[in-house]
Amino acid sequence: MATEQEKIKRRLQELLERPGNGNCVDCGAADPDWASFTLGVFVCQRCSGIHRNIPQISRVKSVTLDGWLAAEVEFLASTGNNAAKDKYEPKVPPFYYRPTHTDCQLLREQWIRARYERKEFVHVEKQEPYSAGYREGFLWKRGRDNGQFLSRKFILSEREGALKYFNKHDAREPKAIMKIHTLNATFQPAKIGNPHGLQITYLKDNSTRNIFVYHEDGKETVDWFNAIRAARFHYLQVAYPGANDADLVPKLTRNYIKEGYMEKTGPKQTEGFKKRWFTMDDRRLMYFKDPLDAYARGEVFIGSKENSYTVLPGLPPSTQGNHWKFGITIVTPDRKFLFACETEEEQKDWIAAFQKVVNRPMLPQEYAVEAHFKHKP
Ligand SMILES: [Zn+2]
C-alpha cells in the first residue's frame, strides 16, 4: 500500500509532466524541481532561492525533498505555469527584457519581483518608469580615469533620441550625448564589481565608448535598462517600418559573444605580443588595456566567409617572440591578425565566437561598418 505522502509525490510528478510545467516559470530552465505553493508554479532551484526572499508573496518547497499537503498539491494542479503566466504577465511590453537562466541575479530577481510582487504586467500604469519615453535620475558612474564612482544626473529622451549625462549637478551642457541608435546596454556585475553594474556603450565617430553605472536600488537599475530598450525599440520601429516585433526585439540590447584576455601583436607582427582585454560584440572585436577602459585601443571587424574572412587555429610558422601557447589567426581581406590564448579551452571558445559571425552572411548595413574599418589609417 502506498502511503499518503507517496500518492501526493506521484501526483506532483504527474503535474510536472503537464504542458508548461517542464520549464522554470521564471527563467525557462529545464526540469524545475521546486514549486511555489502560494503562486502555484514550478521553478528551478536558483529561482526558488529568489522566491524565498519574498516570503509574503511566495512560499517554496522542493518537489522531491519536502513533505507536501494534499491541498498544496491541488492548488498547484489548479494553477501551473501556463495559467500563472496568463495571470501575471498579460501585458508585458514587447521591449521588456525577459531573463533566462544564464542572466545575472539582479535581472532574474527583478523579473520575479516585477511580476508577482509589484504586478507590473497587470497594472499598466506601473510601467511608466520605462514606458514614458523620458526618464531622468542619478546614477553612480565610474570615473573615466580614476575608477571612482560619482553620482551623475542622466536624462534619457526619446524625443531627442539620446541618453545624456551631466558632470555637475547645475551644468547646462551635458558631458556626453549618447545617440540611441548606437546605444547598447549590458549587465556586467562581475566586471564592474557591483551586483547592479550596467555597462553602457555607444559610438562616437565610429569608435566605441564605454561607461559603467549602477543604482543602489535594483528596481531603478533595471528600470533604466528597460527604458533604454524601450527607446531603442521605438527608434527601430521608425527606422525599419513594417518590421515586426520579433525582428526588432533581439536588436534592442546585445550581450557580448565573448570577453577575456588574449595576447595580440601589431600589423607588422614584429612588435612582440601584448596582453589585452578583448570584447566580441557581434562583428566588432575590440581590445582594451583594462576591462573598464572608457574606449577601445583598437577594433577588428570580422566579416563573413563569403567576404574572405577566415579563422584558423595556430599562428604562422614565422611568428616571432614570446607568447601564450594557443594561437589564433584571423585572415581578413587586408591583413592577418594574430592572437594567443593562455589555455586550449580559451582558444576553442574564441574560435567558436569568431566562427559564429564568420559563418553568418553580412547584412547590408554591416558593409558600411566594414568600409570604415578598411579606411582607418
Ligand atoms: Zn528559474
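Structure first, text after, so check above.
Calculation criteria
Residues numbered from 1 in each chain as written. Predicted model: local features only at pLDDT ≥ 70, side-chain atom pairs only at ≥ 80, totals over all residues. Heavy atoms only, no water. 1 Å grid on protein atoms, 1.4 Å probe; cavity = no way out; pocket = protein on both sides within 12 Å on 5 of 7 lines; lining within 4 Å. Points joined across faces, edges and corners; volume = space filled by probe spheres on them. Helix = DSSP H or I, 4+ residues; strand = E, 2+ residues; numbered from the N terminus. Nonpolar A, V, L, I, M, F, W, Y, C, P; charged D, E, K, R; others polar. Phe/Tyr/Trp six-rings, centres within 6.5 Å; stacked < 30°, edge-to-face > 60°. Buried < 20%, exposed > 50% of the residue type's maximum accessible area, 1.4 Å probe, protein only. Salt bridge = Lys/Arg side-chain N within 4 Å of Asp/Glu carboxyl O.

### As for the layout of surface pockets
Item 1. The calculated volume of the largest pocket comes to roughly 1200 Å³.
Item 2. Considering the residues around the largest pocket, the lining is formed by 35 residues, among which Arg232, Lys251, Arg254, Asp282 and Glu366 are closest to the centre.
Item 3. Among the elements that make up the lining of the largest pocket, the one with the highest residue count is helix H8 (residues 218-239) (5 residues).
Item 4. Across the lining of the largest pocket, the residue classes tally to 15 nonpolar, 8 polar and 12 charged.

### So, the packing of aromatic side chains
Item 1. Within the structure shown, the criterion is met by 21 aromatic pairs.
Item 2. Relative to Phe121, the ring of Tyr96 has its centre 4.9 Å away and its plane inclined at 75 degrees; by these criteria the two rings are edge-to-face. One end of the pair, Tyr96, is in the loop between helix H4 (81-88) and helix H5 (105-117); the other, Phe121, is in the loop between H5 and helix H6 (128-131), with 25 residues separating them in the sequence. Accessibility classification places Tyr96 together with Phe121 in one group, the buried group.

### Focus: the pattern of salt bridges
When their charged atoms lie close together, side chains carrying opposite charge are able to pair.
Item 1. One pass over the full model with this rule turns up 21 salt bridges.
Item 2. The salt bridge involving Glu117 is made with Arg113; its shortest N-O contact spans 2.9 Å. Of the two residues, Glu117 and Arg113 both sit in helix H5, 4 residues apart, roughly one turn of that helix.
Item 3. Overall, the relative accessible area of 28% leaves Glu117 in the partly exposed class.
Item 4. Arg113 gets classed as buried once you look at its relative accessible area, which sits at 17%.
Item 5. Glu259 serves as the salt-bridge partner of Lys191, at 2.6 Å between the closest nitrogen and oxygen.

By themselves, these observations are geometric and do not establish any function.
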